[in-house]
Amino acid sequence: MPELPKKYNIGEREKHWQDFWAKEDVFAFDEKSDKPIYSVDTPPPYVSADHLHTGHIMSYSQAEFVVRYKRMRGFNVYYPMGFDDNGLPTERFVEKKHKVNKKTISRPDFIKLCLEETKKGAETYRKLWTDLGISVDWSKTYSTINDLCQRRSQWSFIDLYKKGKIQRAKKPILWCTTCQTAIAQADLDAEERKGKIAHIKVKVKDTKEDLIFATTRPELLPACMGISVNPDDKRYQHLIGKTVVLPLTGQELELTADKEGVDPEFGSGVVYFCSYGGGECIEWMSRHPEAKPTHILDPGGKFNKLAGNYAGLSVGEARKKILADLDKAGALVKIESLKNVTHVHERCGTDVEYIPTEQWFIKLLDDKDKLLEFGAKLNWHPADMAKKYVDWVESLKWDWCISRQRYYGVPFPLWYCKECQEVILPEEDKLPVDPSTDTPDKPCPKCGSKEFTPELDVMDTWMTSSMTPYIIRDVAQDDRVFPNTLRPQAFEIIRTWLFYSVAKAYLHDDSIPFKDVMISGHGLDEHGRKISKSLGNYVEPSAILEEYGADAIRYWATGASLGANMRYSEEEIKKGKKTVNKLWNATKFCLSHFEDLDLDKKVELEPADQWVLDELYNTIVNATKDFDNYEYSKARNNTDAFFWQTFTDNYLEFIKYRLYNQEEVGEESFVAAQQTLYVCISAILKLYAPIMPFITEELYQAYFKDIDGATSIHVSAWPEAKGEWSMDENKRQEFIDALDVIWKIRKYKSDQQISLGKEIDEFAVKNKDLPEKYFKFIEKAARVKKLIK
RNA sequence: GGGCACUUGGCGCAGUUGGUAGCGCGACUGUUUUACACACAGUAGGUCGGGGGUUCGAAUCCCUCAGUGCCCACCA
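Residues numbered from 1 in each chain as written. Chains lettered and ligands numbered in written order. Predicted model: local features only at pLDDT ≥ 70, side-chain atom pairs only at ≥ 80, totals over all residues. Heavy atoms only, no water.

Account for the nonpolar core, naming residues and giving values.
One recurring pattern in soluble globular proteins: nonpolar side chains tend to sit buried together. One finds Phe-594, Phe-647, Phe-777 and Ile-778 to be the most contacted residues of the largest nonpolar core, which totals 125 residues. The leading source of residues in this core is helix H19 (residues 667-688), at 13 residues. Not counting chain neighbours up to four residues away, the residues in contact with Ile-778 comprise Ala-738, Val-741, Ile-742, Ile-745, Leu-770, Arg-783 and Leu-787. Judged by nonpolar contacts, the second largest core, of 64 residues, contains Phe-29, Ala-476, Ile-494 and Leu-498. (Core = buried A, V, L, I, M, F, W, Y, C linked by side-chain atoms within 4.5 Å. Buried < 20%, exposed > 50% of the residue type's maximum accessible area, 1.4 Å probe, protein only. Helix = DSSP H or I, 4+ residues; strand = E, 2+ residues; numbered from the N terminus. Contact = heavy atoms within 4.5 Å.)

This is the structure:
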């Protein structure tokens, strides 16, 4: 006779099942199987994240619910895990933690530190995922800096280079003066600020008239390229072509016409353009070939000698000094405050500048239509997240700058010929290469020189991340996993990870990288604020795991529907723990009545049995549909309602008299109750298994495994709804009427403050249509000696 | 400035084709009934953001206003 201990020791048993799953390889991808494949391109977390919080738990759990469900539905699940230890985020983490920067540490030492830190980070993550019960196949892992990923990233570069999709160009590019590297449009954050706009006077040389223009970048006055007005602006038409003289520098410029860049309605209708105040200055320059840019800002963020008196100053310092000088010269009309939006580098918050440098670009702007088309081919969950992708593609202004002037990252696989500057690429079978230590096999094909200069820039971290659909195919060594089935990820990286992935698969193979997209929301603190390190409003996952267990916190993670932000709630976690406890106790009760259980014996079910089975099948149908639609939240609600209300509060109470009085009710009634109980509880465990893998495994292994036959509940078959609505409508209505009497008796007892367990002598049934064959059921279920009409 | 979403009992949320408002938590009143007091039974609490419209009938469709959140955009 199966028997469970009185209490379930969460900490000890969760650890036990983690080990069991690992030992039995329960989550292994089966290369030999011909079952349909379900492959998941899971976000490789930044191992440099030094504070894991409940938001991480939420998003990874939400995807994992679906993965476990799919496994039970018979899919050959491929669920690898990567670690993103590449690129700028790691460098910044190391710089902060070890108080070093590019100047104070050598490239090899720096890379060594990065590798050490990322190794630590990977261990932290792996432990958390294991504790959480994330069912990853740990034999299938990658890290974005390892050889396999470097090879794939370099292959991507070479393939696109050969396809003509990559170009090297020198032009003003988005630049971070703190990180001292070029960055891409996707690396920008917009910050709304209260800025200042200065109104500055210039003289028209011949007529001595004053013109006033306004600018938020007065410090770039020494780099002024031109001044324009709108050609339709009657106020200034007569001045077009005249020479104007700038204050301080005395620079003489021709007043030009520019229809696109100047709105006569705004400000004074006079605009000055400098190198480079912003994107609009660059656009203006493209319309004015006569313009001569003066590059006064160095990559380190200081003005150079071309800035004259302002050389050596930072942007902020120069701004102050120039404004003071303008004021002294009588050229400063006024300074107004202005709410404007400034673009900053998302990694460090520094205002971006535009500095002309030579960089590598992937051409994307030409393919906007195709990128929109391929984005639309994905199945977006929730559907409206597709809009964020469309908005981003439509707003693209720059090709993708993929070169970074940094140390730690995947090197570009190329050299330049010292003689003729020809770009030399390695053979694909030599990848990955490090051009700073490796050399080309052959002399320059163009000029025969054997002298080469390595490209020392590294690639944008997204160059690698965008290849994860390919990388996990490389890891599996199985072409069937591409395109991947599912890409789960957070909404804020739609414009980066998702977008770049789609772009790459399109450019390389004219393919989509994955079929389904599942977008999760943000984790918020209990007050609804975004979790952030500076607010300190996050809870250590390890502390919660220890106190409540993984099942409980996973239960909380089902609380928000897909894509919605979710607050941290200890109450919800407690509810999860209660559900674990309830499952334990309900199963304990069932098992204590499973002695001599004979599932094959043909018996006639009683109305209560049919009723609960109908409810169960209805629940299964709904939960299945919900999981198929990535609506794990609804699936859990449906399962909760059946388990807590229908099954435990009602059905168990209804059949206790049959289970405890086998002699009196007869063998058939007893066995019918046993069999129904078995069907219900085994299905309940399976319905909860994707959400609460530990407790359900514990209970499955305690008894059901021997009958059901699977190694683990997580590879057992998902329950089926066999006899949906087996009860005919009349009979069903009669039973509902009987339930109504039970509810009335419960209310009566509650009103009288009588224990529900106390048997009352009699109760009058008002419903004259209720057949007397239900009387015994009601009397026993509600504990009344005699029902009277 | 443009776009998207949200606004339902104290709190957090469901309400898929329009047809008498639901759930969880919390509150309150009770009950230790041989699975569980991490439980059970019961009670109270909302004119579904404001206004207008379509309809026999709207939380659900349309218009408008307001508030909140997010994405995008350096109107110099």
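Resuming the write-up.
Any chance you could break down the protein's contact with RNA strand B for me, citing the residues and the numbers?
Neighbouring RNA strand B are 54 residues, the closest being Phe-266, Lys-397, Arg-495, Lys-578 and Tyr-660. Taken together, the sugar and phosphate atoms account for 65% of what RNA strand B places within 4 Å of the protein. Contacts to RNA strand B include Ser-395, whose side-chain N or O atom sits 3.5 Å from a sugar or linking oxygen. Between RNA strand B and Asn-581 there is a distance of 3.1 Å, counted from a sugar or linking oxygen to a side-chain nitrogen or oxygen. If you list the elements that add at least two residues to the surface near RNA strand B, you get strand S7 (188-204), strand S13 (332-345), helix H9 (386-395), helix H15 (570-591), helix H17 (632-660) and helix H21 (729-751). Broken down by element, the surface near RNA strand B gets its largest block of residues, 10 residues, from H15. Here the surface near RNA strand B is composed, by residue class, of 14 nonpolar, 18 polar and 22 charged. (Near = heavy atom within 4 Å. Polar contact = N/O pair within 3.5 Å; in protein donor to acceptor, adjacent residues only side chain to side chain. Nonpolar A, V, L, I, M, F, W, Y, C, P; charged D, E, K, R; others polar.)

Describe the sheet that holds strand S18 (residues 415-417), and please don't skip the residues or the numbers.
Strand order across the open sheet formed by three strands is S19-S18-S20, with antiparallel pairing between neighbours. The open sheet has two edge strands, strand S19 (423-424) and strand S20 (452-454), and neither has a second partner. Of the pairings in the sheet, the one linking S18 to S19 comprises two bridges and is antiparallel in character. Across the sheet, Trp-415 pairs through a bridge with Ile-424, a residue of S19. (Pairing = 2+ DSSP bridges.)

Describe the environment of Ile-684, listing the residues and the values that go with them.
Among the structural elements, Ile-684 can be located in helix H19. Taking the C-alpha atoms as reference points, Ile-684 and Thr-619, 65 residues apart in sequence, are found 9.6 Å from one another. Aside from chain neighbours lying at most four places away, what touches Ile-684 is Leu-583, Phe-642, Phe-643 and Phe-647.

Can you explain the confidence of the model for chain A? Please cite residues and give values.
For chain A, mean pLDDT is 91; residues scoring 70 or higher make up 99% of the total. Scored by ipTM, the complex comes to 0.93, with pTM at 0.92. (pLDDT = per-residue confidence, 0-100.)

Lay out the pattern of salt bridges in plain terms, naming residues and giving numbers.
In the structure shown here, the tally under the stated rule is 64 salt bridges. Salt-bridge contacts for Lys-120 lead to Glu-117; the nearest nitrogen and oxygen are separated by 3.6 Å. One end of the pair is Lys-120 and the other is Glu-117, both in helix H4 (residues 107-132) and three residues apart, which spans about a single turn. Look at Lys-120 and you get partly exposed, because its relative accessible area is 45%. One salt bridge in this structure joins Asp-391 and Lys-387, with 3.0 Å as the shortest N-O distance. In this pair, Asp-391 and Lys-387 both sit in helix H9, four residues apart, roughly one turn of the helix. The exposure class of Asp-391 is partly exposed, given its relative accessible area of 38%. Through salt bridges that share partners, Arg-217, Glu-219, Arg-319 and Glu-353 make up one connected network. (Salt bridge = Lys/Arg side-chain N within 4 Å of Asp/Glu carboxyl O.)

Now, about a negative patch on the surface: what can you tell me, with residues and values included?
A cluster of acidic residues, Glu-526, Glu-546, Glu-547 and Glu-570, forms a negative patch on the protein surface. Tracing the backbone through its elements, the reader meets Glu-546 in helix H13 (residues 541-548). (Patch = residues over 30% accessible without salt bridge, like charges linked within 9 Å, V, L, I, M, F, W, Y side chains within 5 Å. Areas by Shrake-Rupley, 256 points an atom, 1.4 Å probe, with all protein chains shown as cover. Lys, Arg positive; Asp, Glu negative; His and termini not counted. Charge placed at Lys NZ, Arg CZ, Asp CG, Glu CD.)

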